[in-house]
Amino acid sequence: MATTTSAKRQAAAAAKRARAGVDAAAGVAENAAEDAVDQARRAGARAKRRASALEESLTRGAEDIAATVTERLRAVGVDTDKMADVAREQAGDLQQLIEDEIRERPLRALGLAAAVGLFIGYLAAR
């Protein structure tokens with residue numbers, strides 16, 4: 001009976017050590033997960049800052065290009081304001097033409113839109 005009690009004690013001690021090991025491993029895993037989440041948050045914040053800086057840089061570049069083109073066109077005698085007004089008017093006319101066509105032939109417009117969507121999907125899949 002002494003050996004069974006001794007064996008029971010040894011088994012209980014081994015189980016206790018195993019539980020302590022599992023608890024320690026769970027703590028390490030939890031800390032690792034928290035560290036990974038923290039690193040992901042920091043990386044996301046860095047990416048957001050870089051994207052914002054890139055957006056600002058591209059916006060400034062586009063504004064500079066537009067100003068340069070406008071300046072050069074005016075230097076050769078082209079009235080860019082008049083060109084912009086004409087373009088707006090033509091865009092409005094085109095929009096009205098498209099709206100009228102859609103109202104007159106909705107199924108045709110739907111089929112055309114589906115065909116264009118399929119074509120773009122085909123190109124995107126390549």
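Model, not experiment: these values are computed from the prediction. (Residues numbered from 1 in each chain as written. Predicted model: local features only at pLDDT ≥ 70, side-chain atom pairs only at ≥ 80, totals over all residues. Heavy atoms only, no water.)

Enquirer: Pulling in residues and values, what's your account of helix 2 (residues 80-104)?
Expert: When the terminal C-alpha atoms of helix 2 are compared, their 36 Å separation across 25 residues agrees well with the 36 Å that a helix rising 1.5 Å per residue should span. Its side-chain oxygen at 3.4 Å from the backbone nitrogen of D81, D79 defines the N-terminal cap of helix 2. (Helix = DSSP H or I, 4+ residues; strand = E, 2+ residues; numbered from the N terminus. Expected span 1.5 Å × (residues − 1). Polar contact = N/O pair within 3.5 Å; in protein donor to acceptor, adjacent residues only side chain to side chain.)

Enquirer: Can you break down the packing of helix 2 against helix 3 (residues 106-125) residue by residue, with the values?
Expert: Two numbers describe how helix 2 lies on helix 3: the axes approach to 5 Å, and their chain directions differ by 115°. With respect to each other, helix 2 and helix 3 are oriented roughly perpendicular. Contacts from E101, I102, R103 and E104 in helix 2 reach P106, R108 and A109 in helix 3. Residue composition of the contact of helix 2 with helix 3, grouped by class: 3 nonpolar, no polar and 4 charged. (Axes fitted to C-alpha atoms, helices over the stretch in contact; angles between N-to-C directions. Parallel < 35°, antiparallel > 145°, perpendicular 65-115°, else oblique. Contact = heavy atoms within 4.5 Å. Nonpolar A, V, L, I, M, F, W, Y, C, P; charged D, E, K, R; others polar.)

Enquirer: Go over the side chain of T80 with me, naming the residues and quoting the values.
Expert: Mapped onto the fold, T80 is located in helix 2. Among the residues examined, T80 registers a relative accessible area of 13% and is labelled buried. Not counting the four nearest positions on each side in its chain, T80 is found in contact with T70, L73 and R74. (Buried < 20%, exposed > 50% of the residue type's maximum accessible area, 1.4 Å probe, protein only.)

Enquirer: Explain the pattern of salt bridges residue by residue, including any values.
Expert: What the rule picks out here adds up to 6 salt bridges. With a shortest N-O distance of 3.3 Å, R74 and D81 are connected by a salt bridge. Among the residues examined, R74 registers a relative accessible area of 45% and is labelled partly exposed. As a salt-bridge pair, R88 and D85 come within 2.9 Å of each other at their nearest N and O atoms. Residue R88 and its partner D85 are both found in helix 2; the two are separated by 3 residues, about one turn of the helix. Residue R88 is classed as exposed on the basis of its relative accessible area of 57%. For D85, a relative accessible area of 47% corresponds to the partly exposed category. (Salt bridge = Lys/Arg side-chain N within 4 Å of Asp/Glu carboxyl O.)

Note that all results are geometric; they support no functional claim without further evidence.
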